[in-house]
Amino acid sequence: MKTPWTRRALLTGAAAAGTTIIIKPVRAADYTFIQYHNQSDTSTLHKNLVAMWEAIRRETNGRVEAAVHAENNKLAAGDPAALKMLIAGEIQFFTLMGGIIGTVVPMAEVQQVPFAFRSAAEAHKAIDSPLGAYMGEEMAAKGMYLFPIAGFDNGMRQVTTVARPVNTPADLAGVKIRVPPGQMIFDTFQAFGAEPVTTSANLIYDSLKSGKVGAQENPLAILENFRIYEVVKYVSMTNHMWSGFNQMAHLATWRSLPDDVKDVITRNVTTYVRQQRIDQGNVNASLRDRFAAAGLIFNEVDQAPFRARLANVYATWKDKLGSKCWTLLEAEVGKLG
């Protein structure tokens, strides 16, 4: 007959072997989740998500655990595939920029209105306002829960190129530029005369190196996280859009959780969103000097010629987003178009 292992038997065996084994009671998690995001594992987003879920695990005494997967766990189809997985409940938590959420919830593209936000701080204020609450209502109708303070930061987006700097829209004429999925960002760069091309974030490097595209646009931190600085030469400070990563949950999963667990998760999402915004802002602010020292060439850009190309984009998207959404946006940033 097999002898059952007991605490006494284990301790006796350890003593005989001259080794100390410390046995701690382990509570199996009541809730085990998967969190995806599209950034690298060196990003401020990844680091803060890992810290956030560890804080949630501690505060719930191990009742809640989550595995955080950088770069969407290497999904070949990237963000659109991960978004479908969230809506289906195959993953329970996901961060994503509003422009891509807009492929399912059109008004979420409001976060990518060109030249709407003068700074990341202004964007944070806007998305934490009634505009963000309205976006959450629209997302719930599609099976997604948006946290009250949801917007992790990416930063103001700049155009980086291989062949020449961008000073006016004419410098983008015919240039193939990588952009994320989302119709508004397509419309914006088409209005500038460029040819938008979509790839997942972790394929930007190869697309530039192979010549599939000659430009890309992202905050400076993305150049570092995905080593894009190795394959571009010019950084044109267009500040044409803000982008961030909205923390979402699968709606049915969220609604099934007890209130005390929801409270712990919500409080920590708020805490770590605010901390990551600080971290990301510091990274973006420090990188210009570092990249310039490494040989990248920076130029300041007058936004006026670019704005002049956007009258039709503003008119089209005011209609698509709806009067309520546009009014809430302009209440935060002033008159557009």
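As a starting point, this report considers the structure included with it.

So, how was this worked out
Residue numbers here run from 1 along each chain, matching the order of that chain's written sequence. Reporting of local features is limited, given that this is a predicted model, to residues whose pLDDT is at least 70; pairs of side-chain atoms are given and counted only at 80 or more, and all residues count toward the totals for whole chains, interfaces and linings. With hydrogens and water set aside, each side-chain value is computed from the structure's full complement of heavy atoms. Helix axes use the C-alpha atoms of the stretch in contact, all axes being lines fitted to C-alpha atoms, and the angles between their N-to-C directions lie in the range 0 to 180 degrees. Where helices and strands are cited, they refer to DSSP runs of H or I of at least four residues and of E of at least two residues respectively, numbered from the N terminus. Residue contacts are counted whenever heavy atoms from the two residues lie within 4.5 Å of one another. As a working rule, the residues Ala, Val, Leu, Ile, Met, Phe, Trp, Tyr, Cys and Pro are called nonpolar, Asp, Glu, Lys and Arg charged, and the rest polar, with Gly in that last group. Two strands are counted as paired when DSSP detects at least two bridges linking them. Any two of the Phe, Tyr and Trp rings considered here, Trp counted by its six-membered ring, make a pair once their centres fall within 6.5 Å; the pair's planes then place it as stacked at under 30 degrees, edge-to-face at over 60, or tilted in between. Using a 1.4 Å probe on the protein chains alone, a residue whose accessible area is under 20% of its type maximum counts as buried, one over 50% counts as exposed, and one in between counts as partly exposed. Only when the NZ atom of a Lys or the CZ atom of an Arg is both within 6 Å of the ring centre and within 35 degrees of the ring normal do we say a charge sits over the ring.

Quick look at the packing of helix 13 (residues 311-321) against helix 14 (residues 323-333) now. The interhelical angle for the contact between helix 13 and helix 14, taken along N-to-C directions, is 115°, at an axis separation of 6 Å. On the side of helix 13, the interface is formed by Y314, W317, K318 and L321, while helix 14 contributes S323, C325 and W326. Among the residues forming the contact of helix 13 with helix 14, the class breakdown is 5 nonpolar, 1 polar and 1 charged.

Pairing in this open sheet of 5 strands is mixed, and the strands run 2-1-3-10-4 from one edge to the other. Looking along the sheet, the strands with just one partner apiece sit at the ends: strand 2 (64-69) and strand 4 (144-156). With direction set aside, neighbouring strand axes in the sheet form an average angle of 20°. Summarising the sheet, strand 4 and strand 10 (residues 242-250) pair through 8 bridges and their orientation is antiparallel. Across the sheet, residue G155 finds its bridge partner in strand 10, namely S243. Of the strands in this sheet, strand 1 (31-36), strand 2, strand 3 (93-96), strand 4 and strand 10 touch helix 2 (residues 44-59), which is tilted by about 170° from strand 2.

Before going further, it helps to spend a moment on the packing of aromatic side chains. Evaluation of the coordinates by the stated rule reveals 13 aromatic pairs. Ring centres of W53 and F93 lie 4.8 Å apart, and the angle between their planes is 65°; this geometry places the pair in the edge-to-face category. Placement of the pair is W53 in helix 2 and F93 in strand 3, with a sequence separation of 40 residues. In this structure W53 comes out as buried when scored by relative accessible area, which is 3%. One aromatic cluster in this structure is built from Y31, F33, W53, F93, Y145, F147 and W254. R227 extends its terminal NZ or CZ atom over the ring of Y205, reaching a point 4.7 Å from the ring centre. Between the NZ or CZ atom of K320 and the centre of the ring of W317, over which it lies, the distance is 4.5 Å.

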